[in-house]
Amino acid sequence: MKNIILASSNPHKLEEIQNVLSPIKINTLLEIGFIDEIEETANTFEGNALIKCETIYQLYKKPVISDDSGLLVHYLKDAPGVYSSRYAGQNATDQMNYEKLLNNLNDIADRRAKFVTVICYYQSPRNIAYFKGELTGSIAEQPEGYNGFGYDPIFIPEGFNQTLGQLSSEIKNRLSHRARALEKFNLVF
Ligand code: ITT
């Protein structure tokens, strides 16, 4: 079985990624003893995904996978985008982030949005690949459901009338931006 380190400290991402990549053994940062925070200083998903992989590869010299993702809201000119995890401030909780977003869309009819994930697979400095996945949908009027993480309670995927917070993890893992990016990765590796 192939081993890859996942350069993420988000346990929800780990669960979703391990679910889609089940034949591959994912090593977590905790398992390899890395407990620092990786600073995400780029302004693109690709750039931040690369920073996460490079940081871990330089220390461990083993294949690394990373996920940089976010929510792009059309009316807000694609904000919060790469800043999704810190939309309401550096130490913001998921709830603080989605409440700020709902406030910024108060009385706004245009609620179009999409999730984007960029997966970076870093085998060596000469062998780096990127895989992108998107999920289009809209922002709910109020939070609903407790499944998933981040903005899931306020995001309604196209073709559904419930939020990702209400839909099951099986459904999310079939249609999500992350699942779509990982399917592309699976086709190559
Ligand atoms: P790592 O960098 O350690 O992987 P992170 O949570 O900081 O974890 P990002 O920098 O990629 O990850 O920020 C992504 C943010 O976008 C995340 O914190 C959520 O707020 C949001 N997000 C990404 N994917 C999501 C999903 O599937 N459902 C809901 N929100 C999501």
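Scroll up to find the structure.
Since the structure is predicted, the reported quantities are computational estimates derived from the model, not experimental observations.

Trainee: Explanation requested: the site of the ligand in the structure shown.
Mentor: Surrounding the ligand, one finds 20 residues, the nearest of these being Ser8, Lys13, Lys52, Asp152 and Lys172. Between the ligand and Asp152, the relevant distance is 2.7 Å, taken from a nitrogen atom to a side-chain nitrogen or oxygen of the residue. Relative to its unbound accessible area of 610 Å², the ligand is 92% covered by the protein chains. Elements that contribute at least two residues to the shell around the ligand include exactly strand S3 (64-73) and helix H6 (177-188). Among the elements that take part in the shell around the ligand, S3 stands out by supplying 4 residues, more than any other. A class-by-class count of the residues in the shell around the ligand yields 3 nonpolar, 9 polar and 8 charged.

Trainee: Can you help me understand the packing of aromatic side chains in this one?
Mentor: The geometry of an aromatic ring pair is captured by two quantities: the separation of the ring centres and the angle between the planes. A full pass over the atoms with the stated rule returns 4 aromatic pairs. An angle of 45° between the planes, with centres 5.0 Å apart, marks the rings of Tyr57 and Tyr122 as tilted. Of this pair, Tyr57 sits in helix H3 (residues 45-60) while Tyr122 sits in strand S5 (residues 112-124), and the two are 65 residues apart along the sequence. Of the two residues examined, Tyr57 and Tyr122, each falls in the buried class. Ring geometry for Phe131 and Phe185: centres 5.6 Å apart, planes at 90°, overall edge-to-face. With Phe131 in strand S6 (residues 127-139) and Phe185 in helix H6, this residue pair connects regions lying 54 residues apart in the sequence. Assessed through its relative accessible area of 8%, Phe131 is described here as buried. The class for Phe185 is buried, based on a relative accessible area of 1%. Among the aromatic side chains, those forming a connected cluster through ring pairs are Tyr121, Phe131 and Phe185.

Calculation criteria
- Residues numbered from 1 in each chain as written.
- Predicted model: local features only at pLDDT ≥ 70, side-chain atom pairs only at ≥ 80, totals over all residues.
- Heavy atoms only, no water.
- Near = heavy atom within 4 Å.
- Polar contact = N/O pair within 3.5 Å; in protein donor to acceptor, adjacent residues only side chain to side chain.
- Areas by Shrake-Rupley, 256 points an atom, 1.4 Å probe, with all protein chains shown as cover.
- Helix = DSSP H or I, 4+ residues; strand = E, 2+ residues; numbered from the N terminus.
- Nonpolar A, V, L, I, M, F, W, Y, C, P; charged D, E, K, R; others polar.
- Phe/Tyr/Trp six-rings, centres within 6.5 Å; stacked < 30°, edge-to-face > 60°.
- Buried < 20%, exposed > 50% of the residue type's maximum accessible area, 1.4 Å probe, protein only.

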